Amino acid sequence: MEKINIIVDETNEGTRIDTFIRDCCEELSRSRIQQLLDDGCIHVNDEVKKNKYKVKAGDEIVVEIPEVKELKAIPQDLNLDILYEDDDIIVINKPKGMVVHPGAGNPDNTLVNGLLFHCKDLSGINGILRPGIVHRIDKDTTGCIVACKNDKAHEAISKQLSNKTCSREYIAIVHGVIPHDNGTIDAPIGRDPKDRQKMVVTDKNARDAVTHFKVEERYKNYTLVSFKLETGRTHQIRVHMQYIGFPIVGDPKYSLRNTRQDTEGQVLHAKALTLVHPTTKETMTFNAPLPPYFEKLIEELRSE
């Protein structure tokens, strides 16, 4: 394990720790620094700190960089549904059941495995098990996801996500009939202390999360809703809709106990993605059609 030791001087006092480390360690990307902070690999005076911590003169900072593990992801021909591709980016319509990158319990058949087979080059900023991956969508969420083929594109798209200039639109079917036509959910999200695999609206160790929603169609006991995200927290839409009392149909973590079991997970689809191309600077919008199961469910609900 590599260790970097830094002493903060007076000229940097008051700087956020992630910004300070980025300035001191140019070899580390912003996303890599954030991952190290989240993993507890950055200590200030022997204490783990979050990215909002502002450094003080005399602080002793130790950055522990874990050894790079051997790449386990193998190329696999997964017949990816490619919506767009050029030398910088590739946009995929991800199917239900596909995990974005390898991890515990999912060593293969992930989006990364398919990308490694299809693409000659992928950005390396997010490490050896997440090449090209700049953002994620959940395993059972379908629709648009962009991957980057080089580090320049990766940095550009990451910046757009951070600056909220990259627009993501989703659509879902939720339990209950939402009475108002639109709304905004502004509620911080953090890890559920009772279940580390779930997220929850909380003011403890949480990050800001903002979801805008619009009612598209109402049924007898359900509502078709579209969403625009200002932030990209883990399970954000799923957690926020549970929080306001309209959980997503089929969601195994956050929905009702008597939710539909014929959907193979949450009825949530990333229908559109808008970004500025990292090279041409053109604003581009990509659309993923609703999967057949989603369209079928809409027809069933209309006939009830």
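Structure shown above.
The notes below deal with the structure included here. (Residues numbered from 1 in each chain as written. Predicted model: local features only at pLDDT ≥ 70, side-chain atom pairs only at ≥ 80, totals over all residues. Heavy atoms only, no water.)

1. Section: the pattern of salt bridges
And step 1. For the structure shown, the criterion picks out twelve salt bridges.
And step 2. Glu-299 serves as the salt-bridge partner of Arg-302, at 2.8 Å between the closest nitrogen and oxygen. Here Glu-299 and Arg-302 lie together in helix H6 (residues 292–303), a separation of three residues that amounts to about one turn.
And step 3. Among the ionic contacts, a cluster of salt bridges with common partners joins Asp-138, Arg-238 and Asp-251. (Salt bridge = Lys/Arg side-chain N within 4 Å of Asp/Glu carboxyl O. Helix = DSSP H or I, 4+ residues; strand = E, 2+ residues; numbered from the N terminus.)

2. A word on the pairing of strand S15 (residues 268–276)
And step 1. Burial analysis of S15 places seven of its nine residues in the buried class, the great majority of the element.
And step 2. Sheet analysis places strand S7 (residues 142–148) next to S15, joined by two bridges and oriented parallel. Considered in S15, the bridge of Gly-143 is made with Ala-270.
And step 3. In the sheet, S15 pairs with strand S16 (residues 283–287) via five bridges, with the strands oriented antiparallel. Bridged to Thr-274 within S16 is Thr-285.
And step 4. Counted along the chain from S15 to the antiparallel partner S16, the turn is six residues long, and its residue Lys-281 has a positive phi close to 65°. (Buried < 20%, exposed > 50% of the residue type's maximum accessible area, 1.4 Å probe, protein only. Pairing = 2+ DSSP bridges.)

3. Structural notes on a positive patch on the surface
And step 1. The grouping of Arg-30, Lys-152, Lys-159 and Lys-281 at the surface amounts to a positive patch.
And step 2. Along the polypeptide, Arg-30 turns up in helix H2 (residues 30–38). (Patch = residues over 30% accessible without salt bridge, like charges linked within 9 Å, V, L, I, M, F, W, Y side chains within 5 Å. Areas by Shrake-Rupley, 256 points an atom, 1.4 Å probe, with all protein chains shown as cover. Lys, Arg positive; Asp, Glu negative; His and termini not counted. Charge placed at Lys NZ, Arg CZ, Asp CG, Glu CD.)

4. Details of the environment of Thr-211
And step 1. Relative to the helices and strands, Thr-211 is located in strand S13 (residues 210–218).
And step 2. In this structure, the C-alpha to C-alpha distance between Thr-211 and Pro-66, residues 145 residues apart in sequence, is 35 Å.
And step 3. In contact with Thr-211, not counting residues within four places along its chain, are Gly-183, Thr-184, Ile-185, Phe-227, Lys-228, Leu-229, Gln-236, Ile-237 and His-240.
And step 4. A polar contact is formed between the side chain of Thr-211 and the side chain of Gln-236, at a distance of 2.8 Å. (Contact = heavy atoms within 4.5 Å. Polar contact = N/O pair within 3.5 Å; in protein donor to acceptor, adjacent residues only side chain to side chain.)

5. Thoughts on the nonpolar core
As a rule of thumb, soluble globular proteins bury nonpolar side chains together.
And step 1. Grouped together as the largest cluster of nonpolar side chains are 32 residues, with contacts concentrated most on Leu-111, Leu-115, Tyr-170, Ile-178, Phe-227, Ile-237 and Met-241.
And step 2. Those elements giving two or more residues to this core turn out to be strand S6 (89–94), helix H3 (111–118), S7, strand S8 (167–175), S13, strand S14 (222–229), helix H5 (236–243) and S15.
And step 3. Discounting residues that sit within four places of it in the chain, Ile-178 has contacts with Phe-213, Val-215, Arg-218, Thr-223, Val-225, Met-241 and Phe-246.
And step 4. Formed by 19 residues, the second largest nonpolar core is a distinct cluster that contains Ile-17, Ile-21, Cys-25 and Ile-65. (Core = buried A, V, L, I, M, F, W, Y, C linked by side-chain atoms within 4.5 Å.)

6. Side note on the sheet that holds strand S2 (residues 42–44)
And step 1. The antiparallel open sheet is built from four strands, whose spatial order is S1-S4-S2-S3. This sheet does not close on itself; its edge strands, each paired only once, are strand S1 (2–7) and strand S3 (47–48).
And step 2. With six bridges connecting them, S1 and strand S4 (residues 60–65) associate as antiparallel partners. Within the sheet, the bridge partner assigned to Lys-3 lies in S4 and is Glu-64.
And step 3. Across the sheet, helix H1 (residues 17–24) touches S1, S2 and S4, and the angle it forms with S4 is around 70°.
And step 4. Each of S2 and S4 touches H2; the most contacted strand, S4, lies at about 100° to it. (Axes fitted to C-alpha atoms, helices over the stretch in contact; angles between N-to-C directions.)

None of this, on its own, says anything about what the molecule does.
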